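Listed below, chain by chain, are the residues.
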Amino acid sequence: MNIIGIIGEYNPIHLGHIYQINKIKEQFPNSLIILITNSCFTQRGNISIINKWDKTTISLNNQIDLVVELPFVYATQSADIFAKGALYILNKLKIDTLVFGTESNDLNKINKIVDTQLYNKKYEKIIKENLKKGINYPTAASNALKTILGYTTNEPNNLLAISYIKEIKRNNYNINAVSIKRTNNYHAKEIKSNIINASLIRNMLNEKKDISKYIPKQVANHLYNNINNESYFPYLKYKITETSDLSIYQTIEEGIDNRIKKAIISTNSWEELIKKVKTKRYTYNKINRMLIHILTGFTKEDAKNIEINYIRVLGFNSKGRKHLNNIKKELDLPIITNYKPNLSKLLDIELKAISIYDLPINDNLIEKEYKNNPIIKK
């Protein structure tokens, strides 16, 4: 039996995710699927419009066997750090195959890019030259690849795939990487089928448009329909104005802290703030993550010496439970099911993030952190 790993933010779960799961079941009929998902904030700095408990329930109802949590500390950082946390946990859970969606479905090219990034010294040299010119890191990396290989990739899921494979190779994990071609583009704004990207679904939701054709039936009842980054702007503005030194927060680089401080005085929305502080050195997503780290009070000190010292299980079915029981003796990390004070620095930061997340939602999510046991699909 294959043990399949999926890394999915599911923000929200849509028909593209169901398509991916069905494809996995076609390719690996006798398989167990483990999903690792974030709790409240995403890798691109967005708010999750569905909480982790509802995500877990829906996932278990759609052929996922085991759901575990990707800690906030890894879930809201660059693609490489995001991949590092997810692959570390999935490897501990003994997956033998990682399945992900890509725009290109060309693992040969993706592997060549990974090898260039890992082993070609010229790659870092070109990046440094680009950074000195004020070019942001993603563009500098893309330029380096084009110079060395003659091609590059800027599609978001291809970039995540690169980070996943890089992490597998860097750690010599015994995990096979499998790509499933996406049927749509992450940035696509046109609707050509009932499979559209999560970003477009969120935009339609904000505009109060009908999204029922693009999500599984049970998802609609679990969405926070009126929640987005703007819902948190008053809390962000307070945090920025009451903090004397923004450079203490994770991912805040020298110079941008002063730009944020200056801009916030005359800014009335999250989007407006990003537009005011954005330069060619900083991508939209990078600034979005910075603001999430300010909002949640996640500091550089918090990020020091962080290590994953637990695996948090959110839910399982009978196959998932059996797998956990089978590997329990081999695990060198404890399996936990809810929040316990002072058990882990990582877990304490998670609770803090959930506390901020729940402010405009008001869904008793803090209480659920303490009391909820894993969801069991019978």
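Refer to the structure presented above.
Everything numeric in this text was worked out from a predicted model, so none of it was measured.

What counts, and where the lines are drawn
Residues numbered from 1 in each chain as written. Predicted model: local features only at pLDDT ≥ 70, side-chain atom pairs only at ≥ 80, totals over all residues. Heavy atoms only, no water. Helix = DSSP H or I, 4+ residues; strand = E, 2+ residues; numbered from the N terminus. Expected span 1.5 Å × (residues − 1). Buried < 20%, exposed > 50% of the residue type's maximum accessible area, 1.4 Å probe, protein only. Arc of directions from axis to C-beta. Contact = heavy atoms within 4.5 Å. Polar contact = N/O pair within 3.5 Å; in protein donor to acceptor, adjacent residues only side chain to side chain. Pairing = 2+ DSSP bridges. Salt bridge = Lys/Arg side-chain N within 4 Å of Asp/Glu carboxyl O. Lys, Arg positive; Asp, Glu negative; His and termini not counted. Phe/Tyr/Trp six-rings, centres within 6.5 Å; stacked < 30°, edge-to-face > 60°.

Between Asn-11 and Pro-12 the backbone carries a cis peptide bond, its omega angle lying at 0°. Relative to the elements of secondary structure, Pro-12 occurs in the loop between β1 (2-7) and α1 (15-27). Phi angles above zero are rare outside glycine, and Tyr-10 is one such case at about 50°. By the secondary structure assignment, Tyr-10 is in the loop between β1 and α1. Here the phi dihedral of Gln-63 falls at roughly 75°; this positive angle occurs in a residue that is not glycine. Examined against the element boundaries, Gln-63 turns out to sit in the loop between α2 (52-60) and β3 (66-69).

The next thing to look at is helix α6 (residues 121-132). The first and last C-alpha atoms of α6 sit 17 Å apart over 12 residues, in line with the 16 Å expected at 1.5 Å per residue. Where α6 is concerned, the buried positions are Tyr-123, Ile-126, Ile-127 and Asn-130. In an axial view of α6, the angular spread of the buried residues amounts to 105°, which keeps them on one side of the axis. Exposed residues on α6 whose side chains face more than 90 degrees from its buried face are Lys-121, Lys-125, Lys-128 and Lys-132. Tucked inside the fold, the buried residues of α6 contact α5 (107-119) and α7 (137-149). A distance of 2.9 Å separates the backbone nitrogen of Lys-122 from a side-chain oxygen at the start of α6, and that oxygen is part of Asn-120. In the stretch just after α6, Gly-134 is the one whose phi turns positive, near 90°.

With 13 residues, helix α13 (residues 284-296) extends 19 Å between its outermost C-alpha atoms, agreeing within 8% with the 18 Å of an ideal straight helix rising 1.5 Å per residue. Within α13, 10 of the 13 residues are buried, which leaves the element mostly enclosed by the surrounding structure. Ile-287, Asn-288, Arg-289, Met-290, Leu-291, Ile-292, His-293, Ile-294, Leu-295 and Thr-296 are the residues of α13 that are buried. On its buried side, α13 packs onto α3 (72-75), α10 (233-242), α11 (256-264), α12 (270-277) and α16 (345-361). Two residues or fewer past α13, Gly-297 is found with a positive phi of approximately 70°.

Attention shifts here to the pairing of strand β4 (residues 97-102). Burial of β4 is extensive: 6 of the 6 residues sit out of reach of the surface. Side chains Thr-97, Val-99 and Gly-101 project from β4 onto one buried face, and the interleaved Leu-98, Phe-100 and Thr-102 project onto a second face that is buried too. Looking at chain direction, β1 and β4 are connected through 2 bridges and run parallel. The residue bridging Gly-5 from the neighbouring strand is Leu-98, located in β4.

It is worth spelling out the pattern of salt bridges at this point. One pass over the full model with this rule turns up 17 salt bridges. The partner of Lys-276 in a salt bridge is Glu-272, with the nearest N and O atoms 3.3 Å apart. On the criterion of helical spacing, the pair formed by Lys-276 and Glu-272 is a turn pair, its members being 4 residues apart in helix α12. According to the relative accessible area criterion, Glu-272 is partly exposed, its value standing at 27%. Here Lys-371 ties to Glu-367 by a salt bridge, and the two come within 2.9 Å at their closest N and O atoms. You can see Lys-371 and its partner Glu-367 sitting in helix α17 (residues 365-371), 4 residues apart, about one turn around the helix. The exposure class assigned to Glu-367 is partly exposed, which follows from its relative accessible area of 41%.

Here the focus is the side chain of Lys-25. Within the secondary structure, Lys-25 sits in helix α1. Of the side chains bearing the opposite charge, Asp-65 lies closest to the buried Lys-25, which forms no salt bridge; the N-O distance is 4.3 Å. Side-chain polar atoms of Lys-25 contact the backbone oxygen of Ser-31, separated by 3.2 Å. Apart from residues lying up to four places away in sequence, Lys-25 is in contact with Ser-31, Ile-33, Gln-63, Asp-65 and Lys-319.

In this structure the tally under the stated criterion is 8 aromatic pairs. Judged by centre distance (6.0 Å) and plane angle (75°), the rings of Phe-41 and Phe-72 are edge-to-face. Of this pair, Phe-41 sits in the loop between β2 (31-37) and α2 while Phe-72 sits in helix α3, and the two are 31 residues apart along the sequence. Phe-41 sits in the buried class, given a relative accessible area of 1%. With a centroid separation of 6.5 Å and an interplanar angle of 55°, the aromatic rings of Tyr-232 and Tyr-235 are classed as tilted. In this structure an aromatic cluster arises from ring pairing among Phe-41, Phe-72, Tyr-224, Tyr-232, Tyr-235, Phe-298 and Tyr-357.

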